[in-house]
Each structure stands twice: as C-alpha cells, then as structure tokens.
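Residue-level listing of the chains:
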Amino acid sequence: MDFNLTEEQKMLHDTVFKFTRNEWEPRTVEIDDSDCFPWWLWDRFRQLGWCGLLIPEKYGGSGLGVLDTAVMMEAAGHAGADTGSALAWGVHLSIGTVPIILCGNEQQKQKYLPKIATGECITCFALTEPNIGSDAVNLQCTAVRQGDHYVINGTKMFITNGPIADLAIVIAATDKSKGARGISAFIVEKDFPGYSVGRKLDKVGQRGSETSELIFDNCIVPVENRLLEEGDGFIKVGAMNLEYERSILSAAWTGMMGYNVDLAAAYAGQRTQFGHPIVKYSQIREMLARMKVNYEISKLLLYRAAWMKDQGMPAPLEASMYKAFTGKACMESAIDGMQIHGGYGLMREYKIERSLRDAKLAAVGAGTDQVLNEIIARTVTGTRSLTL
Ligand SMILES: Cc1cc2nc3c(=O)[nH]c(=O)nc-3n(C[C@H](O)[C@H](O)[C@H](O)COP(=O)(O)OP(=O)(O)OC[C@H]3O[C@@H](n4cnc5c(N)ncnc54)[C@H](O)[C@@H]3O)c2cc1C
C-alpha cells in the first residue's frame with residue numbers, strides 16, 4: 001500500500017497552499033465580516049484555471065480526479081482559507097457540476113461544461129426544502145411534464161451559492177407514488193421563466209458563501225434539460241452526488257483541522273504562564289496531540305474515499321464514515337484550539353474562533369451526524385434501504 005501522493009498531487013497541494021497563505025488567508029476576517037461571496041477570489045480562481053477541476057479537458061476543464069481535487073481543497077483549508085468561500089468553490093466544483101459530468105448527455109455537456117469550467121457560469125445543487133431535509137425522498141417540489149417541457153413548482157432551502165448561481169441542479173418529484181424512483185433531476189438556468197432567488201440567509205459561520213432559498217413558480221424547464229431518465233434523480237444522480245459531496249466538499253474542514261493545530265501550537269509556544277511557555281504543560285500537550293491525531297485520521301479517511309471514487313468504486317460507507325468522523329472531529333479541534341488560546345481565543349483577530357463557527361456545518365450539511373451514523377449502522381447490519 002502506497003500512502004504517498006503523486007508528484008503532481010504534491011505540486012497541486014503546494015500551489016494551493018501557497019496561494020491561500022499569501023492571498024486568501026490574510027483576507028479571511030474581511031470575508032467573514034462582509035458575509036458575502038468574495039468575487040475577487042473567484043476572479044483569481046478563474047485566472048488560475050481552478051473553476052473546472054473535475055471537468056474533462058475535452059470540455060475545457062482540468063480533467064483532475066476526485067483525490068486531486070480533495071488534496072487541493074484540503075490544502076486550502078490547512079493554509080487558513082475560510083471554509084465558507086471554500087464551500088462556495090466546492091459546491092461549484094462538485095455537486096453543482098458533477099451531475100452534468102457523470103449523468104449529462106453529450107448535448108448537455110457541450111452546452112454547459114465549457115462555461116462552468118471558465119467560471120463564467122456558477123453552479124449550485126438544490127435538494128433541501130423548508131419542510132424536508134434528511135428525509136429527502138419525501139420532497140414536495142414537483143415537476144410535471146407538459147409536452148416538450150416540465151413545469152417545476154416548489155421552494156428549495158439552504159442552497160449554497162443560491163444568490164450567485166447561474167445554474168441549479170434541481171431535484172423534484174415527477175411521480176410521488178413511486179417514492180425514491182419517482183424523483184428526477186434537472187439542469188435549470190436562472191433565466192428560465194419562474195426561477196427566482198428567495199431571501200438570503202444570515203448564518204453563524206460559512207459567511208464567505210451565500211445561502212438562500214430558491215423559488216420555482218411554474219418554472220418552465222425544457223425536457224432536454226432533464227438528467228438521465230425520469231425517476232433517476234434520487235437513486236442515481238442524488239446518491240452519486242452525495243458521495244462526492246461527502247468527500248470533496250468536506251476536505252476543506254479536514255484542512256481546517258490542520259490549520260487549528262498550527263495556530264494552537266504556535267500560540268502555545270509563545271504564551272508564557274507560571275514562568276513557562278504553556279506548551280510545556282501536559283494538559284495543553286494532550287489537546288495538541290488529540291488535534292493532530294484527529295486531523296491525520298480525517299485525512300486518511302478522506303483520501304481513501306476519494307481514491308475509491310477515482311477507481312470507479314462505490315464508496316457510500318467510506319464517504320459516510322469520513323464525513324461522520326470529520327463532522328465531530330473538526331468541532332472538537334476548534335474547541336481545543338480555542339481553549340489553548342485562553343481568552344484570546346474568543347477574539348476575532350486570533351482567527352481560531354472562526355473555526356468553531358465554520359465547523360458546525362460539517363456535522364449538518366450533506367447528511368447530519370445522526371443520518372450518517374444510521375447509514376453506517378444499517379450498512380454493518382445489512383439493513384440499508386434505497387432511502388437511508
Ligand atoms: C449553510 C448550509 C448550506 C447548505 N447547502 C445546501 C445546498 O447547497 N443544497 C442543499 O440541497 N442543501 C443544503 N443544505 C441543507 C443541508 O443538507 C440540511 O440542512 C441537512 O441535510 C439537514 O436537514 P435539515 O436541516 O432539514 O434537518 P432535519 O432533517 O430536519 O434534522 C433535524 C435533526 O433531526 C435529526 N434527524 C433527522 N432524521 C433523523 C433520523 N432518522 N434519526 C436520528 N436523527 C434524525 C438530524 O440529525 C438533526 O439533528 C445546507 C444547509 C446549511 C445549514
């Protein structure tokens with residue numbers, strides 16, 4: 001078993017790490033205060049060619065793999081990126097785009113992927129609704145076919161990139177009587193009649209990503225914008241997307257755990273109490289050790305799930321285990337990191353407090369801790385179903 005990254009992956013890691021340290025990390029307090037997506041960062045991503053990492057070169061993308069992309073996201077988090085902006089970037093790279101890469105037909109790929117790859121077109125993924133979160137199969141948004149188009153009605157909730165996206169992958173019920181097999185996926189452009197952005201939501205963390213409702217009021221979507229067949233939206237598009245979401249998207253949180261270790265170790269080395277640097281005290285060392293071990297475990301689980309996706313292997317259990325572990329561990333890492341900083345940990349200029357606010361979503365988005373535990377438990381007991 002070879003645990004080394006390839007030379008190319010090491011280069012990708014170092015490039016993103018340096019970029020983040022030099023340009024992104026110094027502006028994270030400003031990004032957090034603004035509560036807006038940083039367009040200057042998007043412009044830099046466009047210049048660097050980082051908007052279509054997973055898109056095949058044939059359609060103007062970088063043709064990178066899942067592990068390559070996870071390595072880049074992890075490097076950004078480790079170098080101190082705010083995981084809000086990283087989330088906006090990750091949604092565009094993965095769940096807003098992967099359905100077209102993996103499930104789109106040739107016409108859909110040619111129409112959308114080149115614009116997504118240049119960053120001219122920003123994407124999002126719209127599954128969650130005001131009354132339906134974990135129990136996604138019972139969604140209320142409907143898509144009714146009328147000749148050559150569908151009419152979509154419903155509201156989507158908590159949509160990352162909702163206010164800034166040019167295109168949404170929308171999951172809606174085409175036949176409620178069929179349950180999970182009655183759900184379909186659509187590529188919906190923001191200019192289609194009946195598409196509008198609802199209220200922008202004010203969040204405790206992830207403030208570099210914009211989150212909103214999306215409203216579909218008799219929204220007209222051409223039949224040619226359906227992904228795969230009617231009924232494939234949950235069992236194929238949604239299920240496959242979740243594995244990407246649980247690996248790539250969460251990689252920045254893994255990186256954040258490395259950033260917390262660096263911040264806490266540096267602080268513990270220079271803060272003196274009772275005549276010694278606090279790093280000499282065993283209780284501080286224990287917290288640092290726990291933070292480091294959990295960071296490394298998270299990376300190993302991440303890289304395995306991402307590697308499996310690159311081999312074309314289904315990884316629902318591995319992606320769930322990675323995400324379940326990381327959701328808890330990155331919160332603990334932020335709490336320990338803040339504790340090591342004492343009172344200064346609560347001060348925004350010390351940056352560790354943002355880790356705590358940003359960590360919360362890791363245990364909620366893309367499957368809550370409880371839902372992931374249920375998936376893991378059902379897998380080991382052989383009782384998994386289509387819906388959970
Ligand atoms: C900042 C942010 C960004 C997001 N971005 C997106 C996005 O881009 N696209 C998108 O579609 N969605 C997005 N989401 C939605 C996210 O995926 C949901 O919040 C998540 O799936 C949980 O759904 P819910 O919030 O409705 O909670 P609920 O499902 O209502 O859960 C409430 C509580 O009940 C628990 N629970 C539920 N079912 C069970 C069970 N069977 N057993 C035990 N406990 C259970 C949950 O774990 C949780 O603790 C985002 C959410 C946030 C906060």
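Structure: above.
Nothing here was measured: the structure is a model prediction, and the numbers come from that model. (Residues numbered from 1 in each chain as written. Predicted model: local features only at pLDDT ≥ 70, side-chain atom pairs only at ≥ 80, totals over all residues. Heavy atoms only, no water.)

Trainee: Whenever I open this one, the site of the ligand confuses me. Can you help?
Mentor: Close to the ligand lie 16 residues, the nearest being Thr 128, Ser 134, Phe 158, Thr 368 and Gln 370. A distance of 2.8 Å separates a nitrogen atom of the ligand from a polar atom in the backbone of Phe 158. Between the ligand and Gln 370 there is a distance of 2.7 Å, counted from an oxygen atom to a side-chain nitrogen or oxygen. With the chains in place, 64% of the 980 Å² that the ligand exposes on its own is no longer accessible. Only strand E1 (123-126) and strand E3 (149-160) provide two or more residues apiece to the shell around the ligand. It is E3 that provides the largest number of residues to the shell around the ligand, a total of three residues. Of the residues assigned to the shell around the ligand, the class counts are eight nonpolar, seven polar and one charged. Taken domain by domain, the shell around the ligand gets at least three of its residues from each of domain 2 (123-231) and domain 3 (236-380). (Near = heavy atom within 4 Å. Polar contact = N/O pair within 3.5 Å; in protein donor to acceptor, adjacent residues only side chain to side chain. Areas by Shrake-Rupley, 256 points an atom, 1.4 Å probe, with all protein chains shown as cover. Helix = DSSP H or I, 4+ residues; strand = E, 2+ residues; numbered from the N terminus. Nonpolar A, V, L, I, M, F, W, Y, C, P; charged D, E, K, R; others polar. Domains from an automatic or database assignment.)

Trainee: How do you make sense of the pattern of salt bridges when you look at a structure like this?
Mentor: Side chains that carry opposite charge are capable of pairing whenever their charged atoms lie near each other. Under the defined criterion, the tally for this structure stands at 28 salt bridges. Residue Asp 336 is joined to Arg 290 by a salt bridge in which the shortest nitrogen-to-oxygen separation is 3.0 Å. Residue Asp 336 is located in helix H11 (residues 316-340), and its partner Arg 290 is located in helix H10 (residues 282-310); the two are separated by 46 residues in the primary sequence. Put simply, Asp 358 and Arg 354 hold a salt bridge, and the shortest N to O gap is 3.1 Å. Of this pair, Asp 358 and Arg 354 are both found in helix H12 (residues 352-359), four residues apart, which corresponds to roughly one turn of the helix. Taking relative accessible area as the criterion, Asp 358 reaches 1% and is therefore assigned buried. By relative accessible area, Arg 354 is classed as buried at 4%. (Salt bridge = Lys/Arg side-chain N within 4 Å of Asp/Glu carboxyl O. Buried < 20%, exposed > 50% of the residue type's maximum accessible area, 1.4 Å probe, protein only.)

Trainee: For this particular structure, what's the right way to read H10?
Mentor: Helical geometry note: an α-helix holds 3.6 residues per turn, so side chains three or four residues apart project in the same direction. Look at H10: 42 Å from first C-alpha to last across 29 residues, which is about the 42 Å you get at 1.5 Å a residue. A positive backbone phi angle near 75° is found at Gly 312, which sits one or two residues after H10. (Expected span 1.5 Å × (residues − 1).)

Trainee: Any chance you could explain the side chain of Gln 108 here in plain terms?
Mentor: Topologically, Gln 108 is positioned in helix H7 (residues 106-118). Residue contacts for Gln 108: discarding those within four places in its chain leaves Ile 100, Cys 103, Leu 113, Ile 187, Glu 224, Asn 225, Arg 226 and Leu 227. (Contact = heavy atoms within 4.5 Å.)

Trainee: I keep staring at the pairing of strand E5 (residues 183-189) and nothing clicks. Help me out?
Mentor: Along a regular strand, successive side chains alternate from one face of the sheet to the other. Among the seven residues of E5, seven are classified as buried, and the element is accordingly described as predominantly covered. Residues of E5 alternate between two faces, with Ile 183, Ala 185, Ile 187 and Glu 189 on one and Ser 184, Phe 186 and Val 188 on the opposite face, all of them buried. Two elements, strand E4 (residues 167-173) and E5, share seven bridges in a ladder whose sense is antiparallel. Note that in E5 the partner of Ala 172 across the bridge is Ser 184. (Pairing = 2+ DSSP bridges.)

Trainee: Just to check I follow, could you spell out the packing of H10 against H11 for this structure?
Mentor: To characterise two packed helices, one gives the angle between the axes of the helices and the distance between these axes. Interaxial distance between H10 and H11 falls to 9 Å at its minimum, and their mutual angle equals 155°. By the criterion of interaxial angle, the relationship of H10 to H11 is roughly antiparallel. Like other packed secondary-structure pairs, H10 and H11 cross with a definite hand, here left-handed. Residue classes in the contact of H10 with H11 are distributed as 15 nonpolar, six polar and five charged. (Axes fitted to C-alpha atoms, helices over the stretch in contact; angles between N-to-C directions. Parallel < 35°, antiparallel > 145°, perpendicular 65-115°, else oblique. Left-handed = near helix turned anticlockwise from the far one by under 90°.)

Trainee: I tried to follow a nonpolar patch on the surface on my own but got confused; where do I start?
Mentor: Taken together, Met 1, Phe 3 and Leu 300 make up a surface patch of nonpolar side chains, about 460 Å² in accessible area. Mapped onto the elements, Met 1 comes out in the segment before helix H1 (7-24). (Patch = residues over 30% accessible without salt bridge, like charges linked within 9 Å, V, L, I, M, F, W, Y side chains within 5 Å.)

Trainee: For this particular structure, what's the right way to read the nonpolar core?
Mentor: Side chains that are nonpolar tend, in soluble globular proteins, to be buried together. In terms of nonpolar packing, the biggest core is built from 93 residues, with Trp 24, Phe 45, Trp 89, Ile 152 and Val 188 touching the most fellow members. In contact with Phe 45, not counting residues within four places along its chain, are Phe 19, Trp 24, Trp 50, Cys 51 and Trp 89. (Core = buried A, V, L, I, M, F, W, Y, C linked by side-chain atoms within 4.5 Å.)

Trainee: Would you mind going over the packing of H11 against H12 with me for this structure?
Mentor: Relative to each other, H11 and H12 sit at 155°, their axes nearing to 8 Å. As summarised for this structure, H11 and H12 are arranged roughly antiparallel, according to the angle between their axes. By crossing handedness, the relation of H11 to H12 is classed as left-handed. Contacts from Cys 330, Met 331, Ala 334, Ile 335, Gly 337 and Met 338 of H11 reach H12 at Ile 352, Glu 353, Ser 355, Leu 356 and Ala 359. When its residues are assigned to classes, the contact of H11 with H12 shows eight nonpolar, two polar and one charged.

Trainee: I keep staring at the packing of aromatic side chains and nothing clicks. Help me out?
Mentor: Each aromatic ring pair is described using two quantities: the centre-to-centre distance and the angle formed by the ring planes. Within this structure, the stated rule accounts for 15 aromatic pairs. An angle of 50° between the planes, with centres 6.2 Å apart, marks the rings of Phe 19 and Phe 45 as tilted. With Phe 19 in helix H1 and Phe 45 in helix H3 (residues 39-48), this pair connects stretches of sequence that are 26 residues apart. Looking at Phe 19, the relative accessible area reads 6%, which means it is buried. Given a relative accessible area of 2%, Phe 45 falls into the buried group. With 5.9 Å between their ring centres and 55° between their planes, Phe 37 and Trp 42 make a pair best called tilted. Summarising the burial analysis for this pair, Phe 37 and Trp 42 share the class buried. Put simply, the rings of Phe 19, Trp 24, Phe 37, Trp 39, Trp 42, Phe 45, Trp 50 and Trp 89 pair up and form one aromatic cluster. (Phe/Tyr/Trp six-rings, centres within 6.5 Å; stacked < 30°, edge-to-face > 60°.)

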